[in-house]
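If you want the building blocks of each chain, they are given just below.
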Amino acid sequence: MSHPKLSSPPRTAWVSGATSGLGEALVRALLSQQVRVWGTARDISRLSKFSEARTFVPVCMDLEEERKAVASFVQADREAQGFDLVIHNAGFGVFGPFALVPASQWVGQVGAMVTTLVHLNHLGFSRMLKRGSGTLVNVSSVAVEHPLPFMAGYNAAKAALSALSESLMFEARGTRVQVIDFRPADLRTDFNGAMRRPDYPPVEDPRVFAAWSALTRNLERAPMPECAVKDLWRGVDRGRSGTIYSGSFFQARLAPTFAKLAPQAIRRAVAARYFGVS
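Nothing here was measured: the structure is a model prediction, and the numbers come from that model.

1. Re the sheet that holds strand 1 (residues 12-15)
Thought 1: Strand order across the open sheet formed by seven strands is 3-2-1-4-5-6-7, with parallel pairing between neighbours. Of all strands in the sheet, those bounded by a partner on one side alone are strand 3 (56-60) and strand 7 (242-246). Across the sheet, the mean angle from the axis of one strand to that of its neighbour is 15 degrees, orientation sign disregarded.
Thought 2: Bridge analysis of strand 2 (residues 36-41) against strand 3 gives five bridges, and the strand direction is parallel.

Next comes the structure, spelled out in structure tokens:
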């Protein structure tokens, strides 16, 4: 399989959430260009698939363990003598009615995907500014504009991450540090298979089933992760900060345009119909 190429590959890269899906595709694309890659996983044994790559360094990291996650990044950055490319891709979904899932589950998800990532962004961004160069990529989602039903914590976390990226773009102006808010739509991965579906009291609500069916159906029809890598690399090659969308024409091109132009009430009605929860 041929991998998308960067015109000027970095010397070193950090990719979190490297075990499957987009993270795995990013790692393989970088390794194909002999980039030295530090890739992370909660279960480090799942990174054995890269064991034959001489330029791959496995890192055990769990966003839900903030201090350990920060320590892992600091150690890896020291080993790399500074990362040229940092991609924060790790994250997870929690699916369920907001009122029925314990608040601690939502708080835990937002803490892992916002608070921990604020720390990691602070470390990576400040070190890039000090060195005078680097590319920082935060993988958010088109859910920033089009929240997914029954995934309140995920929607909130991705919106916060996009806002953080936008803030850093302002601060990077006039420097050689590039900040990218990468917003993929559905990709053909096992995202739903890894979704956390907490044990909440049974609810006889056909909307929950309809939403889950729609999410599953959309993933089955979605582009492969390598397409997203290609889109991201085009943005990195431009050398400018900004927001990059990736995915099917409908989700990644038409939907964001619709979100900018349509009144909110119409946007909500269309989304509810799209997911079968109207």
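2. Considering the packing of helix 2 (residues 66-80) against helix 3 (residues 103-131)
Thought 1: It is the contact of helix 2 with helix 3, at a shortest axis distance of 9 Å, that shows an interaxial angle of 20 degrees. Classified by the angle between their axes, helix 2 and helix 3 sit roughly parallel to one another. In this structure, helix 2 meets helix 3 at a crossing whose hand is right-handed. Contacts between helix 2 and helix 3 pair Glu66, Ala69, Val70, Phe73, Val74 and Asp77 from the former with Thr115, Thr116, His119, Leu120, Leu123, Gly124 and Arg127 from the latter.
Thought 2: The residue inventory of the contact of helix 2 with helix 3, partitioned by class, reads six nonpolar, four polar and three charged.

3. Examining the pattern of salt bridges
It is possible for side chains of opposite charge to pair when their charged atoms get near one another.
Thought 1: Enumeration according to the criterion identifies ten salt bridges in this entry.
Thought 2: In this structure, the salt-bridge partner of Lys49 is Glu24, at a minimum N-O distance of 3.3 Å. Of this pair, Lys49 sits in the loop between strand 2 and strand 3 while Glu24 sits in helix 1 (residues 21-31), and the two are 25 residues apart along the sequence.
Thought 3: When its relative accessible area of 18% is taken as the criterion, Glu24 is described as buried.
Thought 4: One network of salt bridges, in which partners are shared, links Glu24, Arg28 and Lys49.

4. With respect to the nonpolar core
It is characteristic of soluble globular proteins that their nonpolar side chains tend to be buried jointly.
Thought 1: One finds Trp14, Trp38, Phe83 and Phe95 to be the most contacted residues of the largest nonpolar core, which totals 50 residues.
Thought 2: Mapped onto this core, the elements with two or more residues apiece are strand 3, helix 2, helix 3, helix 4 (152-172), strand 6 (177-184) and helix 5 (206-221).
Thought 3: Considering each element in turn, this core owes the most residues, nine residues, to helix 3.
Thought 4: Excluding its chain neighbours within four sequence positions, the residues that come into contact with Trp14 are Trp38, Thr40, Val59, Met61, Ser72, Phe73, Ala76, Phe83, Leu85, Val86, Ile87 and His88.
Thought 5: The next biggest cluster of nonpolar side chains, apart from the first, holds 30 residues, and it includes Ala29, Val137, Leu187 and Ile244.

5. Some remarks on the environment of Leu63
Thought 1: With respect to the helices and strands, the residue Leu63 is situated in the loop between strand 3 and helix 2.
Thought 2: By relative accessible area, Leu63 is classed as buried at 6%.
Thought 3: Through-space distance from the C-alpha of Leu63 to that of Gly124 is 16 Å; in sequence the pair is 61 residues apart.
Thought 4: Aside from chain neighbours lying at most four places away, what touches Leu63 is Ala90, Gly91, Ala112, Thr116, Leu117 and Leu120.

Rules behind the numbers
Residues numbered from 1 in each chain as written. Predicted model: local features only at pLDDT ≥ 70, side-chain atom pairs only at ≥ 80, totals over all residues. Heavy atoms only, no water. Pairing = 2+ DSSP bridges. Helix = DSSP H or I, 4+ residues; strand = E, 2+ residues; numbered from the N terminus. Axes fitted to C-alpha atoms, helices over the stretch in contact; angles between N-to-C directions. Parallel < 35°, antiparallel > 145°, perpendicular 65-115°, else oblique. Left-handed = near helix turned anticlockwise from the far one by under 90°. Contact = heavy atoms within 4.5 Å. Nonpolar A, V, L, I, M, F, W, Y, C, P; charged D, E, K, R; others polar. Salt bridge = Lys/Arg side-chain N within 4 Å of Asp/Glu carboxyl O. Buried < 20%, exposed > 50% of the residue type's maximum accessible area, 1.4 Å probe, protein only. Core = buried A, V, L, I, M, F, W, Y, C linked by side-chain atoms within 4.5 Å.

Any functional reading would require information beyond the geometric quantities listed.
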